[in-house]
Amino acid sequence: MNQKGLTEKEVLALLNNALQKDTSYEKVLSAMCTRPHPIAVKAHMQFIASNMGDFGLFTGTRELEEKVIRMMGGMLGDRNACGYITTGGTESNIQALRTARNLSKKRHPNVVVPDSAHFSFDKIANLLGIEIRKASLDSEFKVEMDSVNALIDDNTIALVGIAGSTEFGQVDPIGRLAEVALSNNLFLHVDAAFGGFVIPFLDKKYDFDFSIKGVTSITSDPHKMGLSTIPAGGLLFREKACLLPLEIDTPYLTIRAQHSLTGTRSGAAVAAAYAVMMHLGSEGYREIVGRCMKMTRRLVSGAEEFGVEPLIEPVMNIVALDVPDLDGVRKKLRQKGWSTSITRNPRAMRLIIMPHLSEEALELFISDLGECLR
Ligand SMILES: *Cc1c(COP(=O)(O)O)cnc(C)c1O
């Protein structure tokens, strides 16, 4: 550190230099995050000093958090669901399975997840000492129930279903997973980190939330399709009792106990999520999701004109394209400024049509893709 501080102008210039090196979202087709809604940014700045780790001092922000959780519960099939705003899908998944583990008291617990599960479950295996068993997928990348059943044994504590898989945007058969969970007395966690702010606003209906008996917890992230600021994840439980195994005493705070994984945590993220949800309402989200889906269909038809097919008909605004010479084509697209990503198995080009993408940018991408395929 310098002994003498720089002027504000000098510091801002340094920040600006750094920002120039960051990729702006215009040509990003690889990210599940997006530019936050302007009202979320305003709310974030207004609440920048509030700490939900000690919410006894920030009772106004705490009320906003309760309202956000109630709104999310309403979106996810149970207005009375409880939970809190986390730092994202990873923390929500960790906390959900930590609850399952702490309630089960098994010495060598295992959890059955679909092979399409996000890598946060590999962190969970390492952190929580839970064996993660990966069930195989069917030809449409949904978890195969026979495989799930075969992996369950006396040490299984929970099943995980994905509603909006990270790579394919696919929705697992949550209803069938719930039947198996209920008959084996298992926790069922639904990872809707991405899909939580998409599926409720699609024209087609999918059963994936608390309206299904047997679903015990859901991850849904405001900082992805919720258009909130980073870091905002959501963890919801059907039963208040599920928060208790996460509690620890906090003797030197204004509150008695804390159930979050992090200590100090952002009140700004809470205010931002509240602001954007209140401002958009379900009509606003439906419009945004509708636009992303329309553009997704346009991308698929554009790719099909070049003889490139999607691996599945997109369920949400995520497309996996079966592109020949994948690495070569992605490299050429990169030279034209496009960020794309891949699916692992099978390998394909993974594209996410987030709200930051303009119609013009999409048309440009389609024509650049055509050029790179030649
Ligand atoms: C993005 C994602 C996560 C992880 O969320 P973070 O906010 O990056 O921690 C977990 N599960 C699914 C299905 C996701 O798409």
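About the thresholds
- Residues numbered from 1 in each chain as written.
- Predicted model: local features only at pLDDT ≥ 70, side-chain atom pairs only at ≥ 80, totals over all residues.
- Heavy atoms only, no water.
- Near = heavy atom within 4 Å.
- Polar contact = N/O pair within 3.5 Å; in protein donor to acceptor, adjacent residues only side chain to side chain.
- Helix = DSSP H or I, 4+ residues; strand = E, 2+ residues; numbered from the N terminus.
- Nonpolar A, V, L, I, M, F, W, Y, C, P; charged D, E, K, R; others polar.
- Core = buried A, V, L, I, M, F, W, Y, C linked by side-chain atoms within 4.5 Å.
- Buried < 20%, exposed > 50% of the residue type's maximum accessible area, 1.4 Å probe, protein only.
- Domains from an automatic or database assignment.
- Contact = heavy atoms within 4.5 Å.
- Pairing = 2+ DSSP bridges.
- Axes fitted to C-alpha atoms, helices over the stretch in contact; angles between N-to-C directions.
- Salt bridge = Lys/Arg side-chain N within 4 Å of Asp/Glu carboxyl O.
- Phe/Tyr/Trp six-rings, centres within 6.5 Å; stacked < 30°, edge-to-face > 60°.
- Lys NZ or Arg CZ within 6 Å of the ring centre and 35° of its normal.
- Expected span 1.5 Å × (residues − 1).
- Parallel < 35°, antiparallel > 145°, perpendicular 65-115°, else oblique.
- Left-handed = near helix turned anticlockwise from the far one by under 90°.
- Buried area = accessible area lost by both parts, 1.4 Å probe.

Around the ligand, the structure places 14 residues, and the nearest of them are Gly89, Thr90, Asp191, His223 and Lys224. Side-chain polar atom of Asp191 to a nitrogen atom of the ligand: 2.6 Å apart, as the coordinates give it. Residue contributions to the shell around the ligand peak at 3 residues, all from helix H4 (residues 89–104). Of the residues assigned to the shell around the ligand, the class counts are 3 nonpolar, 8 polar and 3 charged.

All right, on to the nonpolar core then. By size, the foremost hydrophobic cluster in this structure holds 72 residues, and its most contacted members are Leu159, Phe194 and Phe208. Secondary-structure elements contributing two or more residues to this core are helix H2 (38–46), helix H3 (59–75), helix H6 (145–151), helix H7 (174–183), strand E5 (187–191), helix H8 (267–305), strand E10 (318–321) and strand E12 (348–352). If one sorts the elements of this core by residue count, H8 sits on top with 14 residues. Here this core spans two domains, and each of domain 1 (23–35 + 281–373) and domain 2 (38–278) adds at least three residues to it. With residues near it in sequence (within four places) discarded, Phe208 still touches Leu76, Ala163, Val171, Ile174, Val190, Ala192, Ile199 and Pro200. By size, the runner-up hydrophobic cluster in this structure holds 24 residues, among which are Tyr84, Ala117, Ile130 and Phe237.

Read across the open sheet, the 3 strands follow the order E10-E12-E11; overall the sheet is antiparallel. At either margin of the open sheet sits one strand with a lone partner, and together these are E10 and strand E11 (341–343). Here the strands of the sheet are splayed against their neighbours by 40° on average, with no regard to which way each runs.

Okay, the pattern of salt bridges next. Taken as a whole and assessed by the stated rule, the structure comprises 14 salt bridges. The salt bridge partner of Glu65 is Arg62, with a shortest N-O separation of 2.8 Å. One end of the pair is Glu65 and the other is Arg62, both in helix H3 and 3 residues apart, which spans about a single turn. The same class applies to Glu65 as to Arg62, namely buried.

A separate point is the packing of aromatic side chains. If you walk through the whole model with that rule in mind, you get 4 aromatic pairs. Arranged with centres 5.4 Å apart and planes meeting at 15°, the rings of Phe201 and Tyr285 form a pair that is stacked. Of this pair, Phe201 sits in the loop between E5 and strand E6 (217–219) while Tyr285 sits in helix H8; the two residues are 84 residues apart in sequence, bridging distant segments of the chain. The same class applies to Phe201 and to Tyr285, which are both buried. For the pair Trp338 and Phe365, a centre-to-centre distance of 5.0 Å together with 80° between the ring planes defines the contact as edge-to-face. Taken together, the residues span a long stretch of sequence, with Trp338 in the loop between helix H9 (326–335) and E11 and Phe365 in helix H10 (residues 359–373) at a distance of 27 residues. Considered together, Trp338 and Phe365 belong to a single accessibility category, that of buried residues. Above the plane of the ring of Trp338 lies Lys27, whose end atom (NZ or CZ) is 4.9 Å from the centre. The aromatic ring of Phe55 is capped on one face by Arg62, whose charged end is 3.7 Å from the ring centroid.

Right, let's get into H4. Because each turn of an α-helix spans 3.6 residues, side chains separated by three or four positions end up pointing in the same direction. Across its 16 residues, H4 extends 23 Å between first and last C-alpha, which sits within 8% of the 22 Å expected from 1.5 Å per residue. The set of residues buried in H4 consists of Gly89, Glu91, Ser92, Asn93, Ile94, Gln95, Ala96, Leu97, Arg98, Thr99 and Ala100. Of the residues flanking the end of H4, it is Lys105, one or two places downstream, whose phi is positive at about 65°.

Packing of H9 against H10 brings their axes to within 9 Å, and their N-to-C directions diverge by 130°. The angle between H9 and H10 falls in the class oblique. In the packing of H9 onto H10, the handedness of the crossing is right-handed. Residues Val329, Lys332 and Leu333 of H9 form the contact with H10, whose participating residues are Phe365, Asp368, Leu369, Cys372 and Leu373. Here the residues of the contact of H9 with H10 sort into 6 nonpolar, no polar and 2 charged.

Partitioning the protein chain into domains gives domain 1 (23–35 + 281–373) and domain 2 (38–278). A C-alpha centroid distance of 27 Å is found between domain 1 and domain 2. Counting residues at the interface gives 28 residues for domain 1 and 33 residues for domain 2. Taken over both partners, the interface formed by domain 1 and domain 2 buries close to 2,600 Å², and the fraction arising from carbon and sulfur atoms is 65%. For domain 1, the biggest contributors to the area lost against domain 2 are Met32, Tyr285 and Met316; these three give 27% of the whole. One salt bridge connects Arg344 with Glu167, and the closest N-O pair in it is separated by 2.5 Å. If you look at where domain 1 meets domain 2, you find 4 residue pairs in polar contact (both at pLDDT 80 or more). Contributions of two or more residues to the side of domain 1 that touches domain 2 are made by H8, E10, E11 and E12. At 8 residues, the largest contribution of residues to the side of domain 1 that touches domain 2 is made by H8. Along the lines of polarity and charge, the residues of the side of domain 1 that touches domain 2 split into 18 nonpolar, 6 polar and 4 charged.

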